[in-house]
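Report on the structure
Spelled out, the chains give:
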Amino acid sequence: MEAVAVGMSTGMMLLIGVLIFMFRKGIFNMAELIENTLDEAIDTSNDALSTYGKIVKVSNAKKREELLAEIRDIETRVTSKQLQELLDGKSEEEVFGKAKA
């Protein structure tokens, strides 16, 4: 019984060896194709990530620019001294000299 099992396993190994030898070029080509496909997928994902990073940077720059414009607009209407007086609890009439609309 053991001899049959050993003979079958040896025969199976020989068959697998012969098949691998016969189809080795196809196996290597398949491995190369898979490697190239994975490289292409990685390159594409890196490009997409780089593009997304650039979009986020541009978006953040626009938001910072808009915020800076708002801050400049506020600074031109109200001085820091006036803001401090308002924070200290003075009324708008006292700080600005007239009622603000």
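Whatever comes next refers back to the structure up there.
Because the structure is a prediction, the values reported are computed rather than measured. The residue numbers shown here count from 1 along each chain, following its written sequence. Local features in this predicted model are restricted to residues of pLDDT 70 or higher, and side-chain atom pairs are both shown and tallied only at a pLDDT of 80 or more, whereas totals for entire chains, interfaces and linings draw on every residue. By convention in this description, side-chain values take in all heavy atoms of the structure and omit both hydrogens and water.

Observations regarding the packing of aromatic side chains
Selection rule: Ring pairs shown here join Phe, Tyr and Trp side chains whose ring centres sit within 6.5 Å, with only the six-membered ring taken for Trp; geometry is labelled stacked below 30 degrees between planes, edge-to-face above 60, and tilted in between. Whether a charge lies above a ring is judged from NZ of Lys or CZ of Arg, which has to be within 6 Å of the ring centre and within 35 degrees of the ring normal.
The final tally for this structure, using the stated rule, is zero aromatic pairs. Against the face of Phe21 rests Arg24, its NZ or CZ located 4.3 Å from the ring centre.

As for a nonpolar patch on the surface
Using the following cut-off: Note on patches: the residues involved have over 30% relative accessible area and no salt bridge, like charges join within 9 Å, and the nonpolar side chains Val, Leu, Ile, Met, Phe, Trp and Tyr join within 5 Å. Values of accessible area rely on a 1.4 Å probe in the Shrake-Rupley scheme; residue burial ignores everything except the protein chains shown. For this analysis, a salt bridge means a side-chain nitrogen from Lys or Arg found within 4 Å of a carboxyl oxygen belonging to Asp or Glu. Here a strand is any run of E in DSSP of at least two residues, a helix any run of H or I of at least four, and the numbering for each starts at the N terminus. Remark: exposure states derive from per-residue accessible area (1.4 Å probe, protein chains only) relative to the maximum for the residue type, with buried under 20%, exposed over 50%, and partly exposed in between.
Taken together, the side chains of Met12, Leu15, Ile16, Val18, Leu19, Ile20, Phe21, Met22, Phe23 and Ile27 make up a nonpolar region of the molecular surface, amounting to roughly 980 Å² of accessible area. When residues in the nonpolar patch are grouped by element, the largest group, eight residues, is from helix 1 (residues 2–22). For Ile16, a relative accessible area of 43% puts it in the partly exposed group.

Considerations on the side chain of Glu85
What counts, and what does not: Here the positive residues are Lys and Arg and the negative ones are Asp and Glu; neither His nor the chain ends is included. Two residues qualify as a contact provided that any one of their heavy atoms is within 4.5 Å of a heavy atom in the partner residue.
In this structure, Glu85 sits in helix 3 (residues 80–87). Despite its burial, Glu85 pairs with no opposite charge, the nearest such side chain being Lys90 at 4.2 Å. Excluding anything up to four places from it in sequence, Glu85 contacts Lys90 and Val95.

Details of a negative patch on the surface
For clarity, the cut-off: The location of each charge is read from NZ of Lys, CZ of Arg, CG of Asp or CD of Glu.
A grouping of Glu32, Glu35, Asp39, Glu40, Asp43 and Asp47 is seen on the molecular surface, where their side chains present a negatively charged patch. Looking at the element boundaries, Asp39 is found in helix 2 (residues 24–77). Assessed through its relative accessible area of 37%, Asp39 is described here as partly exposed.

Taken by themselves, the reported measurements are silent on function.
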